[in-house]
Structure formats: structure tokens, C-alpha cells
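# Inside the fold
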Amino acid sequence: MVDASDLAIGAVLHTTTSLGHKPLAFYSRKLSPSERKYSTYDRELLAIYATVKHFRHLLEGQNFIIFTDHRPLTFAFTKKSDSSSPRQLRYLDFISQFSTDIRHITGSKKRCRRHFIPH
């Protein structure tokens, strides 16, 4: 599950059990001055790219779903590539080596899940 703001990106790697979501690891970092100028789409895509890159040793060979609250990213692998920038194409190419399953989750549901840690 990934998210981006105007200042930072973050993610939680979790697994789903019979009790709900169990967090496995967290990742976050500040955006550089140039990254802060990215569009919302590009910041959210950067969050996915950086998270997959950070956790690649855990994700290789695994089936997993990427959750984002930015709906346009769910169409990233089906839209025409001529409308994408070279950076977007590089990020999508890297991400696609691990997963192409990007799903939308509403912001309010994501906040609820973020604060729910099963006992």
C-alpha cells in the first residue's frame, strides 16, 4: 500500500491473514526539491517505483497487489505509452518486472486500514 504527499512518499508492506492485515515492513522518504514539483500522478508513481525497488528482495517471485488511492494509476499498464514521459515508462517497466496488479483503494479506507493492527 503506497501513498505520496507534497513532501514525502511512504508505503506499508503487509499480508492478509484471517485476522486482517498484518504489517510486515514500512518504507518512507522525503521527496527531493525536484520530485516535489512532480504532478500528483508522477509522485504516486514514484511512490510505487521506490517502494518496489526498496522491497525488491522480498517481492521477487511473489504475487502481490499494489494499492494506491490515485485511481489513474490503475490504468498505467493499459494506457498508450506515447502519452507517457520517458521517466514514467522507465518506472512502469521496472514495476512490471514484479507486478502489474495496481488497484485503487479510497483514501478513507486506506486511513482506516493504516491504523488497524490486529492483535
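Below, the structure is looked at part by part.

Reading the values: rules and limits
- Residues numbered from 1 in each chain as written.
- Predicted model: local features only at pLDDT ≥ 70, side-chain atom pairs only at ≥ 80, totals over all residues.
- Heavy atoms only, no water.
- Pairing = 2+ DSSP bridges.
- Helix = DSSP H or I, 4+ residues; strand = E, 2+ residues; numbered from the N terminus.
- Axes fitted to C-alpha atoms, helices over the stretch in contact; angles between N-to-C directions.
- Contact = heavy atoms within 4.5 Å.
- Core = buried A, V, L, I, M, F, W, Y, C linked by side-chain atoms within 4.5 Å.
- Buried < 20%, exposed > 50% of the residue type's maximum accessible area, 1.4 Å probe, protein only.
- Polar contact = N/O pair within 3.5 Å; in protein donor to acceptor, adjacent residues only side chain to side chain.
- Expected span 1.5 Å × (residues − 1).

This part is about the pairing of strand 3 (residues 20–30). Successive side chains on a regular strand alternate, one facing one side of the sheet and the next facing the other. By the bridge criterion, 10 bridges tie strand 2 (residues 8–17) to strand 3 in an arrangement that is antiparallel. By the bridge assignment, A8 is partnered in strand 3 with K30. Between strand 2 and strand 3, which pair antiparallel one after the other, the connecting turn spans 2 residues.

Sheet architecture is open: 3 strands sit in the order 1-2-3, paired in antiparallel fashion. Edge positions in the sheet fall to strand 1 (2–4) and strand 3, since each of these pairs with one other strand and no more. Recorded for the sheet is a direction-independent mean angle of 15 degrees between the axes of neighbouring strands. When strand 1 meets strand 2, the two strands line up antiparallel, connected through 3 bridges. Bridge pairing in strand 2 links D3 to G10. Docked against the sheet, helix 1 (residues 40–54) engages strand 1, strand 2 and strand 3, running at close to 135 degrees with respect to strand 1.

Before going further, it helps to examine the nonpolar core. Core analysis: the largest hydrophobic core is formed by 29 residues, its most contacted members being I9, L45, L46, I48, V52, I66 and L73. Those elements that provide at least two residues to this core are strand 1, strand 2, strand 3, helix 1 and helix 3 (86–96). Considering each element in turn, this core owes the most residues, 8 residues, to helix 1. The contact partners of V52, leaving out residues within four places of it in the chain, are L59, I66, F94 and F98.

Structurally, the position occupied by H21 is in strand 3. Among the polar contacts listed, one links the side chain of H21 to the side chain of H14, at a separation of 3.2 Å. At 3.3 Å, the side chain of H21 and the side chain of T16 are in polar contact.

With 15 residues, helix 1 extends 21 Å from end C-alpha to end C-alpha; this agrees with the ideal 21 Å at 1.5 Å per step. In terms of burial, helix 1 is largely enclosed, as 12 of its 15 residues are buried. Residues Y41, D42, R43, E44, L45, L46, A47, I48, Y49, A50, T51 and V52 constitute the buried set of helix 1.

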